[in-house]
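Read off the chains here:
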Amino acid sequence: MSVLFSPIAIGPLTLTNRIVVPPMCMYSGTTDGHATDWHLQHYGSLALSGAGLVIVEATAVLPEGRISNRDIGLWSDDSAASVADLVKRIRAFSDTPLAVQLGHAGRKGGRDGISDDTLPPERGGWELVAPSALCYGGAFPKPKALDTAGILRVVDAFAAAAARADAAGYDAVEVHAAHGYLLHQFLSPISNKRDDEYGGSFENRIRLTLEVFKAVQNTLPKGKPVGVRISGSDWVEGGWNVDESVRLSRELEALGCAYIHVSGGGLSLDQTLNVGPGYQIGMAAEIKHAVSIPVIGVGLITEAAQAETIVRSGMADMVAIGRGMLFNPRWPWMAAAELGASIRGPIQYVRSRPHGSPNLFIKE
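Residues numbered from 1 in each chain as written. Predicted model: local features only at pLDDT ≥ 70, side-chain atom pairs only at ≥ 80, totals over all residues. Heavy atoms only, no water.

Asker: Would you mind showing me how to read unusual backbone geometry here?
Answerer: In terms of backbone geometry, most residues other than glycine have negative phi values and most peptide bonds are trans. The backbone of D116 shows a phi angle near 70°, a positive value even though the residue is not glycine. Its place among the elements puts D116 in the loop between β5 (98-103) and β6 (129-130). The exposure class of D116 is partly exposed, given its relative accessible area of 49%. With phi around 60°, H179 is a residue other than glycine that occupies positive phi space. Topologically, H179 is positioned in the loop between β8 (172-177) and α4 (182-187). Judged by its relative accessible area of 19%, H179 is buried. (Helix = DSSP H or I, 4+ residues; strand = E, 2+ residues; numbered from the N terminus. Buried < 20%, exposed > 50% of the residue type's maximum accessible area, 1.4 Å probe, protein only.)

Here it is as structure tokens:
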């Protein structure tokens, strides 16, 4: 029997299998943070994929927290209305659990969603913020170091966005503390050179991530799953590392975190890594062996047998299929057929099953 296609719980939410569609930015919203028809067709398709969980792309908690001027936002009731409509329309044909990733780009924001160029003020650009006034590099401008009031504004914005996410109908929330964005910038000693209670020691550098997590958790209905995505390592000498990721994961578990989603890198242009199939799973395995909550592993997982091996061997509890799902939005169907498992699928598509897989689709 396939372990990949066995159920798993994240908090009180039970997923039918262990395949996760991770957040993947589309940069296809309006310049005021509204979801568009692109998001309906994109997430509507993924909601019919049979995946156990679909996590909607990084959604900005503040206008100045956007990665690009085409990010979806939950910073106001106005921007949230289009997100709520998106969830409602998907719910009309799919009950696949939907989560949303809430994020703040920090010093890696202010990009044009079409060209990826830096946005100057005359084209709608905004001032970037970070833990310290250190530029990410390349064409990114120097950010302003957040003061205490600015940090409080960020925490409050995450909480307010979480309330809007709940009102929109999302089943879970993921806090984005990975890929070199604001919370990760506070975690890493490379980007965090503060000498106050948010910088220096490990305990101080993780403070903002824990405060954001607690603010989101306390805003949502009791028991609604809140997970956290982290970069297991900066892949830079002297940067954030796997040992610190293990320690942070234990702190989050103690607070009631529903899962840890382990990615990597994105903090520095000096990162050095060897990319290959499953190249980040080792970090997920180290964290999984240190905590009892579910761990999601990622990193060029493209084959059904590879995904099955990861969860069966205990390296991760779930696998996130990103680029593979963009290439083939029915990846879970293919994996189920290959592994001899059954999967949920829309009745309109049942006749598409391969000739040798008569029991591919679960009869409901």
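From this point, things continue past the structure.
Asker: Where do I start with the pattern of salt bridges in this structure?
Answerer: Where charged atoms from two side chains of opposite charge come close, those side chains can pair. Overall, the coordinates contain 13 salt bridges when judged by the stated rule. Close ionic contact of D112 with R123 constitutes a salt bridge, the shortest N to O distance being 2.9 Å. Of this pair, D112 sits in the loop between β5 and β6 while R123 sits in the loop between β5 and β6; the two residues are 11 residues apart in sequence, bridging distant segments of the chain. When its relative accessible area of 11% is taken as the criterion, D112 is described as buried. Assessed through its relative accessible area of 44%, R123 is described here as partly exposed. Between R312 and E308 there is a salt bridge, with its nearest N and O atoms 2.9 Å apart. In this pair, R312 and E308 both sit in helix α9 (residues 304-312), four residues apart, roughly one turn of the helix. A relative accessible area of 8% means that E308 is categorised as buried. (Salt bridge = Lys/Arg side-chain N within 4 Å of Asp/Glu carboxyl O.)

Asker: Looking at this model, I keep getting lost on the state of the cysteines. Mind explaining?
Answerer: A covalent bond bridging the sulfur atoms of two cysteines is what the word disulfide describes. Taken as a whole, this structure holds zero disulfides when the rule is applied. Looking at the unpaired C25, the closest cysteine sulfur is the one in C135, lying at 20 Å. (Disulfide = S-S within 2.5 Å.)

Asker: When you look at the environment of G137 in this model, what are you seeing that I'm missing?
Answerer: One can find G137 in the loop between β6 and β7 (144-145). The class of G137 is buried, set by a relative accessible area of 17%. When the C-alpha atoms of G137 and S292 are compared, they prove to be 38 Å apart, with 155 residues separating the residues in sequence.

Asker: Explain the packing of helix α3 (residues 148-168) against helix α6 (residues 207-219) to me, please; I cannot follow it from the model alone.
Answerer: The description of two packed helices rests on the angle between their axes and on the distance between the axes. Interaxial distance between α3 and α6 falls to 8 Å at its minimum, and their mutual angle equals 35°. Judged by the sense of rotation from one axis to the other, the crossing of α3 with α6 is right-handed. On α6, the residues touching I151, V155, F158, A159, A162 and A163 of α3 are L208, E211, V212, A215, V216 and T219. (Axes fitted to C-alpha atoms, helices over the stretch in contact; angles between N-to-C directions. Left-handed = near helix turned anticlockwise from the far one by under 90°. Contact = heavy atoms within 4.5 Å.)

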